[in-house]
Amino acid sequence: MSDAPRVLISAGPTYEPIDAVRYLGNRSSGRLGSALATAAVAAGCQSTLLLGPTSYPAPKDSSISTQRFQSCADLQSLLEEHWPNHDLLLMAAAVADYRPCTVRTDEKLRRAAGRLSLELEATPDLLAELAARSRPDQTRIGWALEPRDRLVESARAKLERKQLDAIVANPLETLDSDEIEPMLVLADGSMHTPAPKRLAKSDFAAWLLVKSLELHRKA
Ligand code: CTP
């Protein structure tokens, strides 16, 4: 049996249902997560991709196990099922922070005169929850999409709050673009940047996978 780490990747947006036809979503494409799944297979790892509702095509490589999710709750169930059988988590999914409190999936809200208010509740922090349910030999890497002027300080705060091994700090502006300008911040305080600093998501995925495997092996 191979001793290569088993890599679990979450990617893409969540869609939080409002009614039978509407949802709250975000612009994440899932492109980086798909490229990470491909890079993991190329590095000889078993690779599981949990992919949200995006029109960006899932990787064609049949050795990647791809599971689709829609909402934060679906992703929560998939993480519960798959995390125990993996060694390294790359949590690139752009998970909603809020979702509608009540959902009528069997009907459509009708137009009426006046305003309509939507009451939202906070979603569970999936990554923070996993801290208590991880083995010491597992490695968790999160993402932080932040305004450029507070990038590193916000990413460090998130890394601590969610008890991560590392966090990818990403300027807000690169959410759905082809290129990215990321930085990897480790729990030991060190910061790592790829060369060049601004690069295609597929190139960053290859760089990040190597760094993540190094980090996992050192742990
Ligand atoms: N995340 C998660 N569960 C959530 C929200 C986010 O697991 N309900 C994960 C994301 O997948 C990402 C990391 O947490 O890896 C940071 O997500 P982000 O939206 O940047 O941070 P939040 O925790 O939502 O904090 P804030 O709203 O203050 O930015």
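Everything numeric here is computed off the predicted structure, so don't read it as measured data. (Residues numbered from 1 in each chain as written. Predicted model: local features only at pLDDT ≥ 70, side-chain atom pairs only at ≥ 80, totals over all residues. Heavy atoms only, no water.)

So, on to the overall build of the chain. Looking only at helices and strands, the chain features 5 helices and 14 strands. Rg of the C-alpha trace for the chain: 18 Å, near the compact-globule value of 17 Å for 219 residues, within the 12% margin. The burial tally for the chain puts 46% of its 219 residues in the buried class. Long-range pairs, those at least 24 residues apart, make up 63% of the contacts in the chain with a sequence separation of at least 6. Carbon and sulfur atoms make up 49% of the accessible area of the chain, which totals about 11,500 Å². (Helix = DSSP H or I, 4+ residues; strand = E, 2+ residues; numbered from the N terminus. Rg over C-alpha atoms; globule rule 2.2 N^0.38 Å. Buried < 20%, exposed > 50% of the residue type's maximum accessible area, 1.4 Å probe, protein only. Contact = heavy atoms within 4.5 Å. Areas by Shrake-Rupley, 256 points an atom, 1.4 Å probe, with all protein chains shown as cover.)

With that out of the way, let us pick up the layout of surface pockets. A water-sized probe, rolled over the atoms, reveals where empty space remains. Each pocket or cavity is described by its volume, and for the largest pocket that value is around 860 Å³. Counting residues per element, the lining of the largest pocket draws most heavily on strand S9 (residues 139-146), which supplies 4 residues. Empty space within the second largest pocket amounts to approximately 180 Å³. For the lining of the second largest pocket, a count of residues per class yields 7 nonpolar, 2 polar and 3 charged. (1 Å grid on protein atoms, 1.4 Å probe; cavity = no way out; pocket = protein on both sides within 12 Å on 5 of 7 lines; lining within 4 Å. Points joined across faces, edges and corners; volume = space filled by probe spheres on them. Nonpolar A, V, L, I, M, F, W, Y, C, P; charged D, E, K, R; others polar.)

A few words now on the packing of helix H1 (residues 31-42) against helix H5 (residues 201-218). Where H1 contacts H5, the axes come no closer than 8 Å and their chain directions differ by 50°. When the interaxial angle is binned, H1 and H5 end up oblique. Once H1 is placed against H5, the crossing between them reads as right-handed. Residues Arg31, Leu32, Ala35, Leu36, Ala39 and Ala40 of H1 touch H5, and the partners they reach there are Lys201, Ser202, Phe204, Ala205, Ala206, Leu208 and Leu209. Of the residues contributing to the contact of H1 with H5, the split by class is 10 nonpolar, 1 polar and 2 charged. (Axes fitted to C-alpha atoms, helices over the stretch in contact; angles between N-to-C directions. Parallel < 35°, antiparallel > 145°, perpendicular 65-115°, else oblique. Left-handed = near helix turned anticlockwise from the far one by under 90°.)

Below, the discussion takes up the pairing of strand S10 (residues 166-171). The buried count for S10 comes to 6 of 6 residues, which makes it a mostly enclosed element. What you see with S10 is no split at all: Ala166, Val168 and Asn170 on one side and Ile167, Ala169 and Pro171 on the other are buried throughout. Where S9 meets S10, 6 bridges bridge the pair, whose relative direction is parallel. In the sheet register, Leu145 faces S10, and the bridge partner there is Asn170. Assessed by its sense of winding, the connection that carries the chain from S9 through helix H4 (residues 151-161) to S10 is right-handed. Across 4 bridges, S10 lies against strand S12 (residues 183-186) in antiparallel orientation. (Pairing = 2+ DSSP bridges. Right-handed = clockwise from strand over helix to strand, strands pointing away.)

A few words on the site of the ligand. By nearness alone, 17 residues border the ligand, and Ala93, Asp97, Trp143, Lys158 and Lys162 come closest of all. Between the ligand and Asp97, the relevant distance is 2.6 Å, taken from an oxygen atom to a side-chain nitrogen or oxygen of the residue. Where the shell around the ligand is concerned, the elements lending two or more residues are helix H3 (126-131), S9 and H4. The leading source of residues in the shell around the ligand is S9, at 4 residues. Residue composition of the shell around the ligand, grouped by class: 10 nonpolar, 2 polar and 5 charged. (Near = heavy atom within 4 Å. Polar contact = N/O pair within 3.5 Å; in protein donor to acceptor, adjacent residues only side chain to side chain.)

Remember, this is a structural readout, not a statement about activity or role.
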